[in-house]
Amino acid sequence: MDAQQNVVAAADLDPEPSAAAAARRFVRDTLISAGLSHTDDRVADAVLLASELVTNAIVHAGTPVQLTCKFTGATVEVSVLDRHPARVIPDVPSAAALIDRPSGRGLLLPAALSSSWGVTYGQVAKAIWFRLGPDTGDPEAAAVQAAQAGQAAADALAAGGRPGPPPAAREADLLQLGYDELLGHAVELAREAVAADAAYALIADEDGELRMRAAAGGGIPQFPVGDGDPGAPPGAAGMSTFLDLYSRFAERGADLAQVQNEPLHSLLTVPLAAEGRVTGMLAVAAAEPDRFTEADLARVQEVADQVALPLERARLAEHDRIRRARLSFLAEASDLLAGSLDQEKTIALAAQLVVPRLAAWCAALLPDGNGGLSPAYVWHADESMTDALTSLLGEAPAPQVPIGAGARQWSLPAAPSPAPAAAAELASDPAWCFPLVARDRSLGVFVIGRPREGALAREAVELAEDLTRRVALALDNARLYSEQLQATNALQRSLLPPELPDIPGVELAAGYQAAGEGNEVGGDFYDVFEATPGRWRFAIGDVCGKGPEAAAVTGLTRHALRILAREGHDVPTVLERLNELIVDEGSRARFITLIHGELIPAPGGSGGQAAVSLVCAGHPRPLVLRAAGGVEAVAESQPLLGVLDGVTFEADTFRMFPGDLLLCVTDGVTERRSGGRLLDDGDGLRGLLAGCSGLNAGSVVARIQRAVREFGSEPPTDDMALLVLRGL
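Remember, it's a predicted structure, so these values are computed and weren't measured experimentally. (Residues numbered from 1 in each chain as written. Predicted model: local features only at pLDDT ≥ 70, side-chain atom pairs only at ≥ 80, totals over all residues. Heavy atoms only, no water.)

Asker: Hey, could you run me through the nonpolar core in this one?
Answerer: One broad trend across soluble globular proteins is that nonpolar side chains are buried collectively. One finds Val27, Leu31, Leu67, Leu282 and Val284 to be the most contacted residues of the largest nonpolar core, which totals 63 residues. Dropping the residues within four chain positions of it, Leu282 is found in contact with Val187, Ala190, Tyr200, Ala201, Leu268, Thr269, Val270, Leu272, Val300, Val303 and Ala304. Among the nonpolar cores identified, the runner-up in size contains 45 residues, and Trp536, Phe538, Val624 and Ala635 belong to it. (Core = buried A, V, L, I, M, F, W, Y, C linked by side-chain atoms within 4.5 Å. Buried < 20%, exposed > 50% of the residue type's maximum accessible area, 1.4 Å probe, protein only. Contact = heavy atoms within 4.5 Å.)

Asker: Any chance you could explain the packing of helix H1 (residues 19-33) against helix H2 (residues 41-61) here in plain terms?
Answerer: Packed helices, taken two at a time, are described by the angle their axes make and the gap between the axes. Packing of H1 against H2 leaves a shortest axis separation of 8 Å and a crossing angle of 150°. With respect to H2, the element H1 is oriented roughly antiparallel. As H1 packs across H2, the resulting crossing turns out to be right-handed. Mapping the contact onto sequence places Ala19, Ala20, Ala23, Arg24, Val27, Arg28 and Leu31 in H1 and Arg42, Val43, Ala46, Val47, Ala50, Ser51, Val54, Thr55 and Ile58 in H2. Grouping the amino acids of the contact of H1 with H2 by side-chain chemistry returns 11 nonpolar, two polar and three charged. (Axes fitted to C-alpha atoms, helices over the stretch in contact; angles between N-to-C directions. Helix = DSSP H or I, 4+ residues; strand = E, 2+ residues; numbered from the N terminus. Parallel < 35°, antiparallel > 145°, perpendicular 65-115°, else oblique. Left-handed = near helix turned anticlockwise from the far one by under 90°. Nonpolar A, V, L, I, M, F, W, Y, C, P; charged D, E, K, R; others polar.)

Asker: I keep staring at the sheet that holds strand E5 (residues 126-132) and nothing clicks. Help me out?
Answerer: Read from one edge to the other, the open sheet built from five strands follows the order E1-E2-E3-E5-E4, with strand pairing classed as antiparallel. Each edge of the open sheet is held by one strand with a lone partner, namely strand E1 (7-13) and strand E4 (116-121). Averaged over all adjacent pairs, the angle separating strand axes in this sheet is 15°, with direction ignored. Of the strand pairs in this sheet, E4 and E5 are connected by six bridges, and their pairing is antiparallel. Within E5, the residue paired with Gly118 across the bridge is Trp129. (Pairing = 2+ DSSP bridges.)

Asker: I tried to follow the packing of helix H13 (residues 547-566) against helix H14 (residues 571-584) on my own but got confused; where do I start?
Answerer: Interaxial distance between H13 and H14 falls to 10 Å at its minimum, and their mutual angle equals 140°. Relative to H14, the element H13 is oriented oblique. Crossing geometry of H13 relative to H14 is assigned as right-handed. Counted together, Thr557, Ala560, Leu561, Leu564 and Ala565 of H13 and Val574, Arg577, Leu578, Leu581 and Ile582 of H14 form the full contact between these two elements. Considered class by class, the residues forming the contact of H13 with H14 number eight nonpolar, one polar and one charged.

Asker: I'm lost on the pattern of salt bridges in this one. Help?
Answerer: Proximity of charged atoms lets side chains of opposite charge pair with each other. Under the defined criterion, the tally for this structure stands at 30 salt bridges. For Arg42, the salt bridge goes to Asp40, with nearest N and O atoms at 3.0 Å. A salt bridge links Arg562 to Asp527; its shortest N-O distance comes to 2.8 Å. Residue Arg562 is found in helix H13, and its partner Asp527 is found in strand E16 (residues 524-532); the two are separated by 35 residues along the sequence. In this structure Arg562 comes out as buried when scored by relative accessible area, which is 19%. Each of Asp41, Asp45, Arg291, Asp296 and Arg299 takes part in one network of salt bridges that share partners. (Salt bridge = Lys/Arg side-chain N within 4 Å of Asp/Glu carboxyl O.)

Asker: When you look at the side chain of Asp45 in this model, what are you seeing that I'm missing?
Answerer: Following the sequence through the fold, Asp45 ends up in helix H2. Residue classification places Asp45 among the buried residues on the basis of a relative accessible area of 11%. Excluding its chain neighbours within four sequence positions, the residues that come into contact with Asp45 are Leu113, Leu132 and Arg299.

Asker: What is the right way to read the sheet that holds strand E11 (residues 373-380) from this model?
Answerer: Two modes of strand pairing occur in sheets, parallel and antiparallel, and in both the strands are linked by backbone hydrogen bonds. The antiparallel open sheet is built from five strands, whose spatial order is E11-E10-E14-E13-E12. Since the sheet does not close on itself, it has two edges, and those belong to E11 and strand E12 (408-411), each with one partner. Sheet twist, expressed as the mean angle between neighbouring strand axes with direction ignored, is 30°. Sheet topology note: the strand E13 (residues 430-438)/strand E14 (residues 441-449) ladder contains eight bridges and is antiparallel. By the bridge assignment, Ala438 is partnered in E14 with Arg441. Contacts from helix H10 (residues 386-395) reach strand E10 (361-367), E11 and E12 within the one sheet, and its direction differs from that of E11 by about 160°.

Asker: Looking at this structure, how should I read the pairing of E14?
Answerer: On a regular strand, one side chain projects to one face of the sheet and the next to the other, so that they alternate. The buried count for E14 comes to seven of nine residues, which makes it a mostly enclosed element. Relative to E14, E10 runs antiparallel, the two being bridged by five bridges. From the neighbouring strand, Trp361 faces E14, where its bridge partner is Gly449. The turn linking E13 back onto E14 is made up of two residues, and Arg439 within it adopts a positive phi angle of 55°.

Asker: Mind showing me how you'd approach unusual backbone geometry here?
Answerer: The phi angle of most residues is negative, glycine excepted, and most peptide bonds adopt the trans form. Note that the residue after Val355, namely Pro356, is joined by a cis bond; omega there is 0°. The residue Glu275 is not glycine, and still its phi comes out positive at about 55°. Its place among the elements puts Glu275 in the loop between strand E8 (266-274) and strand E9 (277-286). Of note, the phi angle at Arg439 is positive, near 55°, even though the residue is not glycine.

Just geometry here; none of it tells us what the structure is for.
Here it is in structure tokens:
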């Protein structure tokens, strides 16, 4: 329409997200129908301000909105009425406050762009209005124009100020928005500033590569990147860069903008710069060719300048939050992994840390008996997929990840045809391999993967890489602990007889329990063997200390006892010779307490008296429970071994009748502590043995072991050995 005409139009908008877009179309169509060109600054400013005020009304008032647009000659008047009069409009923030305040910018726009604006309150509604027109420079005329615009808003209140529904219980506090929400707000502002069809924010990542982080509006660029005219203006290069980035982004499966049928033919880009550094760019697009002007460029750049610093601060805050969350996750994972010294439990725990937090599935490939890598643990967030995943991993050649290499992309082999749908889906999953390396030793490979529609982000891969290093260290610690435990158990078994012999007329039972977690060789031992035909020797001892040094002395003592006894030496002579051997060891020697005795069964086996002679060298005294009742000590305590040179010993002898029971224990039994009391205080062991009348040898060992465990609330701190001989 060539001639401009006076136009007044109104529209009712529901409180929904599409209201802002409807407001932009309504104002643009109304003003163009009045004869204004779409390139007129008043059209662009009116569309931007109306969109912003409608958005504020929808968000903060939450009621239906009445939008009125009036064009009279050279001026444009727009009012936005909502039915929430209690929501008072705050004062316009200062320019200095804008930097630290991401909310409340809607009122800055009418204050900056309009010739006059204001708020008119009614009993059940309020209207925000603005006027766009030439500045006469006459304060009185400007006041008259403002009064007229305010009166128009008051009229709108009178006409449309009907009671409406209560405000919605939703308020968007932009002060609480995160980085992504602020990016969304920025692209909305950019799109509305020039009434574009779509807007996009591309932000530089840590490598300096631009990646799309937010989009607003409908449609994505559909025209080819390579169709640009060589003589095109400088903006064409920015267009090509944007489209190339967008294409690569879309290939990764992102869906930040809804694809529309109509192509976009105009693109404008401006940089986002904060503190002298370009952090990204804003782009706006439109379906109409040659849609944007220099004025549009200035408007989008103004939006970019306004949001760049708050965005940069929000980005740094987001990175700090991510960093702290990452450190917290790794610290928690380290604590959990350090608490296990079992390889299978360590791998299972690592899988639970990864799935589903970082990946949809994971697998640990560890060395097998053939020297290759095979799945040792497989876990999928969907347990129904675990069997198919295990099968594919078992058929796949193990990935080769050298020591020192970082994360490497990998893929499962194609599922054989025909194959279950689960296997085909898994075969198309992208995966990443991480070497399990600790102390320059390769322990295997850790593999994680996700479905194609959710490829792992770089941050997740880096986090998984850090976690894998901790898993490898925990695995290596578990391996070393397992090897040490196996060596300890083997050494401990070598210090005890493989089995007790059968002695005619005598029932034997023994018990041994190491203190702690079983990863250290104890110093307690016992032995029973036949020295000469018809003569049996028994011994129970306690070497001072623990570990390999104590084990060495224990082995020396046990084998020396057997050699000396089988050479025909009596019990006192055996201990005297053994004492010399230990003293000769010098500073390497350990003190030893020992009971060594000889048992001669009754002729003909059971039913007769057995003769026993023994020496108690610094050891808890042996006790005998008589068949007729009563408990007595049957040996006097003599010097322990390894202290004095040239010491002599004397044997104590007694008769063991059928039903009599001889008990020998180490100090792990007698010195078991409960608070300030010991188990043997007040002849506690005598009383405990007296209650075992009528029990066989094995039952006596079991009862005393249980009594020792139950005597104190804390775990035992000393090894415990018991030897029981019972006459038959």
